[in-house]
Amino acid sequence: VESVGARPTPRRRGHDIVGSMATYLYRLGRFAFRRRGLVASLWLALLIAAGAGAVTLSGPTSDAFSIPGTESQQAFDLLEERFPQSSADGATAQVVFQAPQGEALGDAANRDTIERTLAALRSAPQVAGVSDPFAGAINPDGTIGYAQVGYEVQAAELSEQAREALTGAVDAARQAGLTVEIGGDAAMAQEEVGSTEILGVGVAAIVLVITFGSLVAAGLPLLTALIGVGIGIAGITAATGFLSLSSSTSILAMMLGLAVAIDYALFILSRYRHELHVGRDPEEAAARAVGTAGSAVVFAGLTVVIALAGLAVVGIPFLTQMGIAAAVTVVLAVLIALTLLPALLGFARRKVLGGWIPGLRPRDPEDDSGTPTVGRRWARFIVRRRVAVLVTGIVGLGVLAIPALDLEQGMPDASQSAPDSTQRKAYDLLSAGFGPGFNGPLMLVVDGANSADPQAAASAVAGAVQGLDGVAAVAPAQFNPAGDTALLTVIPGSGPSTQETADLVTTIRDQGGAAAADNGASVSVTGQTAMNIDVSAMLSDALLPYLTLIIGLAFVLLMLVFRSVLVPLKATLGFLLTVGTTFGAVVAVFQWGWLAELFGVQDVVGPIISILPIFMIGVVFGLAMDYQVFLVTRMREEHVHGAEPLDTVVTGFSHGARVVSAAAIIMISVFAGFILSPEPLVRQIGFGLAFAVFIDAFVVRMTLVPAVLALIGRSAWWLPRWLDRILPNVDVEGAKLQHRLTEGEAEPEPVGAAR
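Predicted model, so just to flag it, every value in this text is computed and none were measured.

### Here we look at a nonpolar patch on the surface
Okay, step 1: Residues Val 387, Val 391, Val 395, Val 399, Ile 402, Leu 405 and Leu 711 make up a contiguous nonpolar surface patch of about 690 Å² in total accessible area.
Okay, step 2: Ranked by the residues each element gives to the nonpolar patch, the list is headed by helix α14 (residues 386–401), at 4 residues.

### Considerations on the sheet that holds strand β1 (residues 92–98)
Sheets are built from strands paired through backbone hydrogen bonds, the pairs being either parallel or antiparallel.
Okay, step 1: The sheet built from 4 strands is open, its strands ordered β2-β3-β1-β4 with antiparallel pairing. This sheet does not close on itself; its edge strands, each paired only once, are β2 (127–130) and β4 (179–183). For this sheet, the mean inter-axis angle between neighbouring strands, taken without regard to orientation, is 20°.
Okay, step 2: Here 5 bridges tie β1 to β4, and the two strands are oriented antiparallel to one another. Counterpart to Phe 97 in the pairing with β4 is Val 180.
Okay, step 3: Packing of helix α6 (residues 160–175) onto the sheet brings it into contact with β1, β3 (144–151) and β4, and relative to β4 it is tilted by some 155°.

### Quick notes on the confidence of the model for the chain
Okay, step 1: Within the chain, residue pLDDT values average 82, and 87% of them lie at 70 or more.
Okay, step 2: Long-range and interchain partners of residues 1–19, a stretch whose pLDDT sits below 50, account for 38 contacts in this model, where long-range means more than four residues apart.
Okay, step 3: Low pLDDT (under 50) marks residues 745–755, which in the prediction has 18 contacts with non-local residues, meaning those over four places away or in another chain.

### Some words on the packing of helix α10 (residues 282–309) against helix α11 (residues 317–338)
Okay, step 1: One way to put it is that α10 packs onto α11 with a least axis distance of 9 Å and a crossing angle of 175°. The pairing of α10 with α11 is recorded here as roughly antiparallel in orientation. Contacts between α10 and α11 pair Val 290, Gly 294, Val 297, Val 298, Gly 301, Val 304, Val 305 and Leu 308 from the former with Gly 323, Ala 326, Ala 327, Val 330, Val 331, Val 334 and Leu 338 from the latter.
Okay, step 2: Taken together, the residues of the contact of α10 with α11 sort by class into 12 nonpolar, 3 polar and no charged.

### Overview of the nonpolar core
Okay, step 1: Membership of the largest hydrophobic core comes to 163 residues, with the highest contact counts inside it found for Tyr 264, Tyr 272, Leu 319, Val 352, Phe 575 and Phe 671.
Okay, step 2: Sort the elements by how many residues they give to this core and helix α9 (residues 247–277) lands first, with 19 residues.
Okay, step 3: Val 352 has contacts with Ser 214, Val 216, Ala 217, Leu 220, Leu 269, Tyr 272, Arg 273, Leu 276 and Leu 345, leaving out every residue within four places of it along the chain.
Okay, step 4: Ranked by size, the runner-up nonpolar core spans 28 residues in total, among them Val 95, Ile 114, Leu 118 and Val 170.

### What to know about the pattern of salt bridges
Okay, step 1: Scanning all chains against the criterion turns up 17 salt bridges.
Okay, step 2: One salt bridge connects Arg 174 with Asp 171, and the closest N-O pair in it is separated by 3.3 Å. Of the two residues, Arg 174 and Asp 171 both sit in helix α6, 3 residues apart, roughly one turn of that helix.
Okay, step 3: The salt bridge involving Glu 644 is made with Arg 714; its shortest N-O contact spans 3.6 Å. With a gap of 70 residues between them, Glu 644 in the loop between α21 (611–640) and α22 (645–673) and Arg 714 in the loop between α23 (680–712) and α24 (721–726) connect regions that are remote in the sequence.
Okay, step 4: Of the residues examined, Glu 644 reaches a relative accessible area of 47% and is grouped as partly exposed.
Okay, step 5: Counted as one network, the salt bridges with shared partners bring together Arg 30, Arg 34, Glu 283, Glu 284 and Arg 288.

### Considerations on the environment of Val 660
Okay, step 1: Within the fold, Val 660 resides in helix α22.
Okay, step 2: For the pair Val 660 and Phe 698, spaced 38 residues apart in sequence, the C-alpha to C-alpha distance is 9.1 Å.
Okay, step 3: Leaving out residues up to four positions away in the same chain, Val 660 has contacts with Phe 267, Tyr 627, Phe 630, Leu 631 and Met 702.

### Quick look at the packing of aromatic side chains
Okay, step 1: Throughout the structure, instances matching the rule amount to 10 aromatic pairs.
Okay, step 2: Ring centres of Tyr 146 and Phe 438 lie 4.9 Å apart, and the angle between their planes is 65°; this geometry places the pair in the edge-to-face category. With Tyr 146 in strand β3 and Phe 438 in the loop between α15 (422–434) and β6 (442–447), the pair connects residues that are 292 residues apart, well separated along the chain. Grouping residues by exposure puts Tyr 146 and Phe 438 together as buried.
Okay, step 3: In this structure an aromatic cluster arises from ring pairing among Phe 590, Phe 599, Phe 687 and Phe 691.
Okay, step 4: We note Arg 36 situated over the ring of Phe 347; from NZ or CZ to the ring centre the distance is 5.9 Å.
Okay, step 5: In this arrangement the basic side chain of Arg 111 is found over the ring face of Phe 134, its NZ or CZ atom lying 4.0 Å from the centre.

### Examining helix α5 (residues 108–122)
Okay, step 1: An ideal rise of 1.5 Å per residue puts 21 Å on 15 residues; α5 measures up with 21 Å between its terminal C-alpha atoms.
Okay, step 2: Taken together, the buried positions of α5 are occupied by Asn 110, Thr 113, Ile 114, Thr 117, Leu 118 and Leu 121. Around the axis of α5, the buried residues are gathered within 135° of arc, so they sit on the same side. With respect to the buried face of α5, the exposed residues turned more than 90 degrees away are Ala 108 and Ala 109.
Okay, step 3: Against the buried residues of α5 lie β1, β2, β3 and α6.

Conventions we followed
Residues numbered from 1 in each chain as written. Predicted model: local features only at pLDDT ≥ 70, side-chain atom pairs only at ≥ 80, totals over all residues. Heavy atoms only, no water. Patch = residues over 30% accessible without salt bridge, like charges linked within 9 Å, V, L, I, M, F, W, Y side chains within 5 Å. Areas by Shrake-Rupley, 256 points an atom, 1.4 Å probe, with all protein chains shown as cover. Salt bridge = Lys/Arg side-chain N within 4 Å of Asp/Glu carboxyl O. Helix = DSSP H or I, 4+ residues; strand = E, 2+ residues; numbered from the N terminus. Pairing = 2+ DSSP bridges. Axes fitted to C-alpha atoms, helices over the stretch in contact; angles between N-to-C directions. Contact = heavy atoms within 4.5 Å. pLDDT = per-residue confidence, 0-100. Parallel < 35°, antiparallel > 145°, perpendicular 65-115°, else oblique. Nonpolar A, V, L, I, M, F, W, Y, C, P; charged D, E, K, R; others polar. Core = buried A, V, L, I, M, F, W, Y, C linked by side-chain atoms within 4.5 Å. Buried < 20%, exposed > 50% of the residue type's maximum accessible area, 1.4 Å probe, protein only. Phe/Tyr/Trp six-rings, centres within 6.5 Å; stacked < 30°, edge-to-face > 60°. Lys NZ or Arg CZ within 6 Å of the ring centre and 35° of its normal. Expected span 1.5 Å × (residues − 1). Arc of directions from axis to C-beta.

What follows is the structure in structure tokens.
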């Protein structure tokens, strides 16, 4: 039965080719089970090779990014061309000095300490130059000053000796009685995954033990996930020797890889245990599990991969890199679930059925005999109260989504560093001594190559900018050796991540550009603050097109899977509810500061990192479709077998609820562990994904979806005849495979296969 009623679908060549995926996976599962030694050895060899590549080929990571096509990037490129001596792309460190209480930096002892510190910095490795605080870099009170240290290389390329020389010089000044802190990218330590971020794996292990009642069954998903993530992270590490990758790339790949790898293995292992419960021998059980649950895993993984790879359409290289790296890790998770897991089942065989742990011997969730399961009772409640459940759920999610209307985006800066970090202390000292805008200077590049008088053009721009509201100071123009390009440093009166500074950049580009044009020159604004503003604007502009792309993709893919119009529409609307509610929670916690202390994120309250919304849309889409596929395919399977509409919802839900619940708890635990990361972006993503999975799995998919299906009944599976004829039948629930196996029409065994 393909769509409405009992009308048989005629065989069509295209349908049979696509619909045979379950049969191919069945054969793959059988092969992996039989050749378990070979399959396990190949994956182990790949892990060793990836590890060797990570050790021998790895290079430094870099958090510098480019934004092709933006004014700030074009100005930066011009600065590198015309001002090579400025080391525009080199690492920088701001060494901030504060005199003891009641003293000034100009006092003899303090001045002597500072000069010794500057001398040590100038002789340090890879240093291009060090400015003198007493040459105009001390506040009017004489209590706070700073030295700018420029390096010949980028922050990721700084040697350990250079970093040690920087901290050593500062420590000596501290011992002499001064307060000294370090800001700038040269002081940023390379972030690594800490033990706190692995707490989610421990929770996942506990959930798996409770779900399966067996240490063997609980260990298999963890083992396969760790192998897959190990290969992925090692590959990313090796790629840093050839590509400039962000330090967050491997962390995000690990976050997603762990979550989906455990979930995918969980679904296949659960189906394997069911097949054993109904009397299959282990080999046949593994083959059927991969052929049925494996089909859903392939589709679920495909949605995540497409959503992540689709981030490339935004046109920002570092976002593309993160998306592709995470997508590759998800592909590995799918491949391992389809091959390595059945191979390991060949070693474990019936040991996965439990009995090792007293009191934990859960029954087969697809066994309808005996006392009704919690999932069945919950489904019956939803069916009886479907209208009330639907209205309550939608209204509740709508209320939670309200804070999303106040979403403010920005890029992270030192103000969001941990309060006890030297970067945050340096930021606060500079703000106290010179004003909040001092931490976010703007660099104006005046291109006078076509001007009759470049100096006059630079003076005109400086005069126009000096008179603007929100400008605290404009430094004198610096010219390159050719005399055709000037560099102006503008200090805003507001902080780098504020809307006032963003508005000031727009005003400078308008009025400063007009003043330059009157003198035959052009002006552009760059610097870290301007680049952050530009990337935020670019991401904001790309948000709606990307959301439209994802929604359209979701509708088409789900229509292929469920051969229905209303089910994809319902799933897409549910996805939008999840996204809106998630954004609302992120804004409430990270922007408004609600419950920030509870989650331990009070030190990063501020604008939402610009990359987060668009990245969250892609990942949440993939994860939402995971649960949609795993839960609703069981309902459609009941429909295909002729069950009544309400029975379809109750039976299909009860068969999948336990596994989906366990998978959701595992994902939430893995993501929540990353809230403890020291990196603001990772913390926001970890919280957002954990909240999104909770809402989507337990509220949208396991509450609203069955309520809607119970409300619309048989119409849920309606598909126009003309569309039924042209759509390929992907048979994600494996109905065709089950029919062939029941009728004894399974594919012949591979030649030479050995038990």
